[in-house]
Amino acid sequence: MRRLYHLFFVFLFLTGAVHATSLMQQLEEERIKLVEETSPGVATIFTIKEVKVVNPFAGSPFGDFFGVPNVPEFKERQEGLGSGFIVKVDEKKKLVYLLTNNHVVENAQNIKVQFKNDIVLDAKVIGTDKMSDVAVIAVPFKEGIQEYAKKHMLKLGDSDRLKPGMTVIAIGNPLGLTGTVTMGIISALDREMPGHPGEGFIQTDAAINPGNSGGPLINLKGEVIGINTAIIMGAQGLGFAVPINQAKWVMDQILKYGKVKRSKIGVIIQPLTPELAKHFGVKKGVLVAQVMKGGPAEKAGIKSGDIIIAVNDKPVSKVSQLQKYIMRNPPGTKVKITVIRNGEKKDIYVVTTSWEGEDVSPASMQEMEAKYGLIVKDITPELVERYRIPKVPYGVFVLGVKYGSVAEEAGIRSGDVILTINRKPVRSAKDFWKEIKKAEKKGEDSVLLFVQRGSSKIFTVMPIVKSEK
């Protein structure tokens, strides 16, 4: 009898092992099928850019030795590599649209797209958005690409339904290795990154490397749920992707208006820490630290110290949520802001204004840089790695300060991060120069800058350069 029981359990074990092996084979076959169906929709993007290089040998005899022209700076050709994926075929305009990252195609003089069937076509930029790091590019109907694109256009999923632990697959061209597939899970959601307010990036441990940028992050249904966009250099298993719902919104704006229109209400906000929550007698929300004078929030009656708990009845518990709910409205939209003030709940209706405000052209920015002797740059992962910029919620990086300039007299140094100007957060170089131009038009004598230098923070005043009459 004992021997019979033994044989019975051996039979059960072997049957279970065979069943498990069969199940694993089925899963593997499904995964292979998923990759085969989606990878043809992913393309390689080649770019050529001209970048300004500061000449370390200017004024010295070593430049001739290294074959470098004896000038303060010179232009250098730079080749780039990234990924993109097919999202739309427009029969009327005879264009195939692809989504990618802004930083893949930004300032590129030439863009070529190579599809998996080896067709290579020149592409043009339809629109870009630095804040979300999303770009829409297009190739013309040539060499039958429209039929290929119709067949292999990737389906866009719903990133609002994602949960940590879900399995994802990244497809792209890391380090030039085209068609590379990596697999992992969603590690976290709503990750905030410097220079990208309100975006809430997806974190994944699927291997992402330079060249993956712009490629799709795909779920087990074969749907794109994110655009692979960033890594933390030196770390393992830390990749980030733009949620596809954000990318879809940006793409729709670009195709409709040619640019992205965002809203703001004119407040400076901060997270509600447990200590602050206890002090204000609330559990969740976002604290209004300052209300901008003359802005929509002030006109509507929002006050410093208010706790915003909802926008249009959508609960708010994070800074990124509040930013997203406000920014994704056309300027001029009336939104309901629910606040807690002195323990009482209040609904306040605010009419949003444009996030962009007055525009500043690249040529105008160069003029401003020369006038103030100051070069500031948007904070990018590449700059963070190269200059070891400390983690900041927003700001611009001071790349250079001219000797004897207004900026130098104000005590600004190369390597500083300018966080605010006149107590307004600075989120891009364009924003910084917009505020300077506003101060010039108002006839102000100076602006107040809040600067991070290493681990310290200081205020400094920079004079406004008066235009010659």
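Reading guide: rules and limits
- Note on numbering: residues in each chain are counted from 1, in written sequence order.
- In view of the model being predicted, local features appear only for residues whose pLDDT reaches at least 70, and side-chain atom pairs are presented and counted only at 80 or more, with totals across whole chains, interfaces and linings using the full set of residues.
- Think of the side-chain values as coming from all heavy atoms in the structure, minus any hydrogens and water.
- Classification of ring pairs rests on two measures: the distance between centres of Phe, Tyr or Trp rings, Trp counted by its six-membered ring, which must be within 6.5 Å, and the angle between planes, read as stacked under 30 degrees, edge-to-face over 60 and tilted in between.
- Helix and strand assignments follow DSSP, with helices taken as H or I runs no shorter than four residues and strands as E runs no shorter than two, numbered in order from the N terminus.
- The buried label goes to any residue with under 20% of its type's maximum accessible area, the exposed label to any with over 50%, and the partly exposed label to all in between, with areas taken from a 1.4 Å probe on protein chains only.
- For patch building, the residue pool is restricted to those with more than 30% relative accessible area and no salt bridge; the joining distance is 9 Å between like charges and 5 Å between nonpolar side chains (Val, Leu, Ile, Met, Phe, Trp, Tyr).
- The protein chains shown are the only cover counted for residues, whose accessible areas, like all others here, come from Shrake-Rupley with a 1.4 Å probe.
- Salt-bridge detection follows one rule: a side-chain nitrogen of Lys or Arg within 4 Å of a carboxyl oxygen of Asp or Glu.
- Charge counting follows a simple rule: Lys and Arg are positive, Asp and Glu are negative, and His as well as the terminal groups are ignored.
- To locate a charge, the coordinates of NZ of Lys, CZ of Arg, CG of Asp or CD of Glu are taken.

## Focus on the packing of aromatic side chains
Thinking step 1. One pass over the full model with this rule turns up five aromatic pairs.
Thinking step 2. Their ring planes at 45 degrees and their centres at 5.9 Å tell us that Tyr372 and Trp433 sit as a pair that is tilted. Taken as a pair, Tyr372 in helix 9 (residues 362–372) and Trp433 in helix 12 (residues 429–442) lie far apart in primary sequence, 61 residues in all.
Thinking step 3. By relative accessible area, Tyr372 is classed as buried at 0%.
Thinking step 4. Ring geometry for Phe450 versus Phe459: centroids 4.4 Å apart, planes at 25 degrees, classification stacked.
Thinking step 5. On the basis of relative accessible area, Phe459 is assigned to the exposed category, the value being 52%.
Thinking step 6. Members of the aromatic cluster, connected to one another through ring pairs, are Tyr372, Phe432 and Trp433.

## Regarding a negative patch on the surface
Thinking step 1. A contiguous patch of negative charge, built from Glu28, Glu29, Glu30, Glu36 and Glu37, is present on the exposed surface.
Thinking step 2. Inspection of the secondary structure puts Glu28 in helix 1 (residues 2–38).

## Digging into the pattern of salt bridges
Thinking step 1. Under the criterion given, the structure shown has 15 salt bridges.
Thinking step 2. A salt bridge links Arg262 to Asp129; its shortest N-O distance comes to 2.6 Å. Taken together, the residues Arg262 in the loop between helix 5 (244–257) and strand 15 (263–264) and Asp129 in strand 6 (residues 124–129) connect sequence positions 133 residues apart. For the pair Arg262 and Asp129, one class covers both residues: buried.
Thinking step 3. For the salt bridge of Asp431 with Lys434, the shortest nitrogen-to-oxygen distance reads 3.9 Å. Of this pair, Asp431 and Lys434 both sit in helix 12, three residues apart, which is roughly one turn of that helix. Neither residue differs from the other here; Asp431 and Lys434 are each classed as buried.
Thinking step 4. Taken together, the shared-partner salt bridges in this structure form one network comprising Glu91, Glu147 and Lys150.

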